[in-house]
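Coordinates in review
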Amino acid sequence: MAESVLFGIAQEVLKNLGSAALNEIASAWGYKAQLNKLKNTINTLKNVLLDAEQKQADSLDIRDWLERLTTVVYAADDLFDEFTALASRKQLLGGNNVTKKVRTFFSSSNQIALAFKISRSIKNIRQELNDIVQDGTQFSFVLRPHEVITNIKRDETYSYVDVEQVIGRDGDKKAILDLLLPSSCAADVHEHVELPVIPIVGIGGMGKTSLAQLIYNDPQVQVFFDLRLWVCVSDVFDIKAITEKLLMSATYKETQNLGIEQLQGQLRNVVGDKKYLLVMDDVWNEKRDEWLKLRDLLKICRKGSKILVTTRSKEVAEIMGTSPAHELLGLSEEKSWDLFEKWAFKHGQAEEKPNLVKVGREIVKKCAYVPLAIRTLGSLLYGREESKWLSIRDTSLANIPDYQNGVMKILKISYDHLWSPLKNCFAYCAMFSKDYEFDKEMLIELWMAEGFVAANEGQCLEEVAEEYFLILLQRGFFQDILRNEWGDIEKCKMHDLMHDLAKKMAGVKCKVANFGERIVDDKILHLSLAYMLPSLREIPNCIRNLKLLRTLLLPEQSQEMMDMGSLGKSTCPQLLMRFSSLRVLDVSRLDLKKLPSSIGKLIHLRYLNLSFTAIEKLPDSITKLWNLQTLRLRCCWNLRALPSNMRMLTNLRSLDVMMCDELTHMPSGIEKLTSLSKLPRFIVGHESSKATLKLKTTSTAKLSDLKNLNNLRGELEIVIHRNLVNNMLEAAEADLSCKHGLTDLKLIFSRENEVDVNCDHDEAVLEGLKPHSDIRNLHINRYNGMKPPSWARLDNLCFNLPNLVKIRLGGGGSCQQLPIFSKLRFLKSLQIYKMEAVEYMESGECDVSSISLESQDIESLFFPSLEELELKEMKNLKGWWKGEAIECDHEIEGSSYESSKQLVSISMQFSKLSTLVIWGCPNLRVLPLCPSVESLTLRNTNESLSVSKMATSLSSSTAMSSSSAYGLKLKSLTIDNAEDLLFLPSHCLYQLSFLMVIRDRKLESSARLGELFTTVSSSLQYLQLDECDKLRSISKGLEHLTALENLVFYGCKELDIAEVEDEDENGMPWKALNTSLRSLQLRGLPKLVGLPKGLRHLANLRSLQISDNDELKELPEWISCLTCLVDLSLFSCPKLKSLPEAFCNLTALVLLRIVSCPGLTERCQHPNGSDWPKIQHIPIVSVLESGLLIDLVDEYQIFYLHAVPELQ
């Protein structure tokens, strides 16, 4: 990465040298001539850097020369970056007349000293660079002022393959043959395609060529196609050269210097009347017009001809393919071992050397199941002694010498095809550990901060960086992408071998330090710690000597594992003073309460991450960071205010204060930050009850401050305190309709004075906050206007915001009318809650007079895309339309009364709704039909809207379409009346996997549900009985649930699960759950005195949570029977006084949490607690005096991912 970065750094220095502010100051102080000479010298060096990068691999002298150059160029970058920042800051403070201000600026003695220092530094740097230029003449570098990607020579491939050498590709081969040969249904996708093209995509070394060779030589292929052609295209996509190779493959004769006209004529003669298979191996061309020219030449064939393409680039596959690309993945673990054994051992040797087999299996995992890597290392180890095997096992592929390592050579071809900025972005990913899940936005912010993103004038940095990311993704450098609900990429990973390549290309200037590792190279520029730090005080002393450090990352910090009770008073001033060249500083999730004022001296800083810290206030000096682009403050729960001078940070592009709950306002001047593209939260007005200081109105931001921030992208949440003076005018001046980059808009009215709120205030504000038409997610909370704004009233929402995908409205107790949502074509999710004055979802009657049964698009009339509907705490809601009970006493055109009812049922139903939540709507008696619901929640609803009656209404409806499989097929169900399920047709429950019964006031015994549990015996995996106050017995029924994995009892006051010990008669049937149950929660059970003995039968139990059980006195010695237990939580059990000796035998236990158990807190402390010897073998022990019960579902995901991957 070093030389590629150096080219970019040199360009950045030249850019700074061209700064108008710097040049005016230089003119004023008489060293402009020095700057011009320095500029020429750096430009000369920049022009030979690319050639030097290529040649340095073969020359130690050139590598040394580049090392010297790197040191000086980085020093120059620091100097002029600082000087440009100071000059621009003074320009910002002093207006446009820079020269006049400069003389004032340098009038004091300290500024004169600064000017002298800069002049002397320029002279020294110029002298050093001149010496380097002179020394470089001996290498005869070629001038290359502009980067050109040179052709990379790769061994040409051929069609022959030894079938026995290819292992584990039978499934892939069959999938491709199904597309090639007409006997398969899969081949039908090409029936109407003139010349089908089937792409095979995968990273280098995955075996794409081998798979193509297998297919090419398959007997079925030989019979079906008249002619088979093989062309190794490689990186030069030259139509004439490819045509020559085609002719040679067909005729086995060389062409004699013919022009393209003669060549295409010969091609017609040779293949024009034949059905051919053409394999184009190793294609790199991403120019569609070039492919189309060649495709036109290749169309001279019989119907049935096909082209098979292998490529590393998804972009190539997209351009050339006529069907989805076949992505080639790694081999299975079993097939990987078979391949390794074939290459590493002599026949039968593996059985004789079990010690090498054990090491070999570890090496196979290192190869990430990539065939080329397995073959390479297997061949390298063939016949070698065990010490060599151990050495390879413990050595990264990136560190194996090139002459022994064909894997890196092959992968590097992909790297060599990248432009310098992309090379830097890719290599930078080595700063994170293998299998790290990258957040795309964070990665882009880091690339920008490091100066890797080269944008031309007028280009948006974020858009250019986004393009970089997509190119790297298309070319296989990233994988395993995760998308949000809009389809946008949010996260991704990197293949292990790609990570090895990134590490190799990053070079020695980048360092990932492991715990306890000593760092001796003081010239390291980028540092990442591959372990968790409890505090900044724990940073190793050796790191403090890295005075040239530009990057400090802590990617392994985990907020989930951080003990929030141990936050200290670390201020880290010495650390900041030492790292004066920092561009990137990440101190998130550390015990940081205060940031020192010396932070303002980090003038080069572009990226500062303080997320998940306990910081309460930012120092005013932070506004001196003129270069700062990203300021991350997410989840700084104690942060109360931002510095008043935030307007000085004119280069700020991202300011994230999401979930900073104590932040009461934004400072004035935000409107000056016109470079902002990310501002997920903006607070206006001021909630005086939280204020610690009396703030003048002029010191806080207004809605109008958003006016000029038209570069905002993604999410914007506006928190509005109800004390705006000129509310409608101020809201209109926010000009949200011009912010076309926003996709999510949340408008949150504060709780302040909510009871006495003036409805006119909210109506006026919302009227002025009309978003642009491309917004996809709209969330309005605690709106207390009487009616919606004009832009959302009735049908207007469909015209003004036609692209809405998700809507969430809530908390508006005064609002009596809702917009019409049913005509929004793309709406997938609608959530309405606490709109207590609303009686009907749509104020008009259901009107179907304009449609007929012959309509071809009936289902598109009413919520054509809606998948999720939630109606919560709407106590006055009666129905969807005011005229819900439709009595058609007149004929609709072309229809009788009965057919008009059928028409209403067909057209006015939720045809795609899969999730329905009705909660706290006691007057809602009827809904349109929901034939496709899979997840249903009914709580505190009218008896007319029970699950059984919904199913009955659906089955009896005359709207059943003969071509559709209508009828409830529930997978998830949450209800407060379990007995209603007994009246539900059994076919509705065959797929039920999740059942929660909550606050059922009639349920007394699970025996009543025996028939239900029999119906769902093979499908139900999760059962929760929640606050069922009359539930006394669960001794019968549950024995049928043979697939149950998760069981939760919560807040059932009368339930005593240990009251009967004889399980064969009336006790809880734990034995029946012994193999299936993985997770058990016993929460808030007042009658639980001890654990039931039957739990000892739960041989596969992984997680046990015991919480809020005030009467639980002890844990039994037989707890050691839970041999598979991985996670145990004890929360708020005040009568527990000690742990049993049997804890020593819980050898599988990885995580033990003890919270709010006063009898255990002291006894379980490390290292002197009396119970500590019983639990010291457990890897993760957390003992807290008090705390909040975390949502265990989310926590388990994190815990299993890091600690117990086999349980994912």
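Here, every reference points to the structure presented above.
This report concerns the structure included in the present document.

What follows is about the overall build of the protein chain. The helix and strand inventory of the protein chain stands at 33 helices and 35 strands. Scored against the burial criterion, the 1208 residues of the protein chain give a buried share of 54%. By sequence separation, contacts in the protein chain at least 24 residues apart represent 68% of the contacts at least 6 residues apart.

Moving on, we come to the packing of aromatic side chains. According to the stated counting rule, one finds 27 aromatic pairs in the structure shown. Between F139 and F141, the ring centres sit 5.4 Å apart and the planes meet at 40°, which makes this aromatic pair tilted. As far as burial versus exposure is concerned, F139 and F141 are alike and both buried. Taking 4.7 Å as the distance between ring centres and 55° as the angle between the ring planes, the aromatic pair formed by F426 and F477 counts as tilted.

Below, the discussion takes up helix α22 (residues 461–474). Residue pairs spaced three or four apart in an α-helix point in one direction, given the helix's 3.6 residues per turn. Spanning 14 residues, α22 covers 20 Å between terminal C-alpha atoms, matching the ideal 20 Å at 1.5 Å per step. Every buried residue of α22 is accounted for by L461, E462, V464, A465, E466, Y468, F469, L472 and L473. If you follow the buried residues of α22, they end up packed against α13 (314–320), α20 (420–428), α21 (440–449), β7 (479–483) and β8 (489–493). Immediately beyond the C-terminal end of α22, within one or two residues, lies G476, with a positive phi of roughly 90°.

An order of β9-β10-β11-β12-β13-β14-β15 is seen for the seven strands of this open sheet, with the pairing classed as parallel. Of all the strands in the sheet, just β9 (510–513) and β15 (654–656) have a single pairing partner and so form its edges. Between one strand axis and the next, the sheet turns through 10° on average, direction left out of account.

For side chains of opposite charge, pairing can occur when their charged atoms come near one another. Under the defined criterion, the tally for this structure stands at 51 salt bridges. Of the charged contacts in the structure, one is a salt bridge between K412 and D416, with a shortest N-O distance of 2.9 Å. Of the two residues, K412 and D416 are both situated in helix α19 (residues 406–416); the distance of four residues between them amounts to about one turn of the helix. Since its relative accessible area comes to 28%, K412 is described here as partly exposed. The salt bridge involving D795 is made with K823; its shortest N-O contact spans 3.5 Å. Taken together, the positions of D795 in the loop between β19 (777–781) and α27 (796–800) and K823 in the loop between β20 (806–810) and β21 (829–833) put the pair 28 residues apart, joining distant regions of the chain. Given a relative accessible area of 48%, K823 falls into the partly exposed group.

Scoring rules and cut-offs
Residues numbered from 1 in each chain as written. Predicted model: local features only at pLDDT ≥ 70, side-chain atom pairs only at ≥ 80, totals over all residues. Heavy atoms only, no water. Helix = DSSP H or I, 4+ residues; strand = E, 2+ residues; numbered from the N terminus. Buried < 20%, exposed > 50% of the residue type's maximum accessible area, 1.4 Å probe, protein only. Contact = heavy atoms within 4.5 Å. Phe/Tyr/Trp six-rings, centres within 6.5 Å; stacked < 30°, edge-to-face > 60°. Expected span 1.5 Å × (residues − 1). Pairing = 2+ DSSP bridges. Axes fitted to C-alpha atoms, helices over the stretch in contact; angles between N-to-C directions. Salt bridge = Lys/Arg side-chain N within 4 Å of Asp/Glu carboxyl O.

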